Amino acid sequence: LSGALENEGQDVDLHVTGGAGPIEAAPGGFVFKNGVMYIISCPSGSLLINSSLDLQMCQACEALTYSVNFMDGCVYSQDAITCPQRKCQECAVGAKCPGGKSFQPVVEGAVWGLEMINTTQTYRLVSCPPGYILVRNDDPTGDECRPCPKYRYSILEARYPDVLTVETRAD
């Protein structure tokens, strides 16, 4: 390994540990500068943590969470990008998230899109197939397609921000 790191600024591929076990760094995920190795990218489904030289790692997203971009939630300044320890995105009620980058709709035909919320890419429900009501509020974890109430049915898809949308509020 030391022979591969002799040239300043050279990208290297390594394995790091974190979460449930070893995580393979993204190709070119490390750079060696001024005698110090820095993590500069992580694989999909994980988050980059680089709040200090001692705390640099790729944190894998566990079950019931996901990550679209390893830089989600990082703090950007004029001099640097700092990625503190943080949690992966919580899965929405209307989806299944077995971990990593995986995000699967519970209802077949439901359409989800990515939205930027603060500094994090988040899946939000865009439409539900006929026979369902689209439920969406300010909290993305509450997004879901609910079956139409008993004795009611819609032959149209429910689309956000159009009609057939139900907003829920915490009381």
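Residues numbered from 1 in each chain as written. Predicted model: local features only at pLDDT ≥ 70, side-chain atom pairs only at ≥ 80, totals over all residues. Heavy atoms only, no water.

A. Quick peek at the state of the cysteines. Tallied over the entire structure, the rule returns 5 disulfides. Each disulfide pairs two cysteine sulfurs, and for Cys74 the partner residue is Cys83, the sulfurs being separated by 2.0 Å. Given an S-S torsion of about 105 degrees, the disulfide between Cys74 and Cys83 has right-handed geometry. Both residues of the pair, Cys74 and Cys83, count as buried. Linked covalently through their sulfurs, Cys128 and Cys145 form a disulfide whose S-S length is 2.0 Å. The chirality of the disulfide connecting Cys128 with Cys145 is left-handed, given an S-S dihedral of about -90 degrees. With Cys128 in strand β15 (residues 120-128) and Cys145 in strand β17 (residues 144-147), this residue pair connects regions lying 17 residues apart in the sequence. Here Cys148 is not disulfide-linked; the sulfur of Cys128 is the nearest cysteine sulfur, at 9.5 Å. Residue Cys148 is classed as buried on the basis of its relative accessible area, which comes to 17%. (Disulfide = S-S within 2.5 Å. Buried < 20%, exposed > 50% of the residue type's maximum accessible area, 1.4 Å probe, protein only. Helix = DSSP H or I, 4+ residues; strand = E, 2+ residues; numbered from the N terminus.)

B. Focus on the nonpolar core. In this structure, Phe103, Ala110, Trp112, Leu125, Cys128 and Cys145 are the most contacted members of the largest nonpolar core, which totals 14 residues. The set of elements that each furnish at least two residues to this core consists of β12 (95-99) and β15. If we skip the residues at most four places from it in the chain, Leu125 touches Ala110, Val111, Trp112, Leu134, Val135, Arg136, Asp143, Glu144, Cys145 and Tyr160. Membership of the second largest hydrophobic core comes to 8 residues, among which are Ile39, Cys42, Met71 and Cys74. (Core = buried A, V, L, I, M, F, W, Y, C linked by side-chain atoms within 4.5 Å. Contact = heavy atoms within 4.5 Å.)

C. Structural view of the confidence of the model for the chain. When pLDDT is averaged along the chain, the result is 81, and 78% of the positions lie at 70 or above. Per-residue pLDDT, averaged within each element of the chain, yields its smallest value for strand β1 (residues 11-12) (41) and its largest for strand β8 (residues 65-66) (97). Overall, residues 1-22 carries pLDDT values under 50, and its contacts beyond four positions in sequence, including any with other chains, amount to 44 contacts. (pLDDT = per-residue confidence, 0-100.)

D. Seen up close, the environment of Gln121. As for its position among the elements, Gln121 is in strand β15. Distance in space between the C-alpha atoms of Gln121 and Met71 is 9.4 Å, their sequence separation being 50 residues. Aside from chain neighbours lying at most four places away, what touches Gln121 is Tyr66, Val68, Asn69, Asp72, Gln89, Leu114, Glu115 and Met116.

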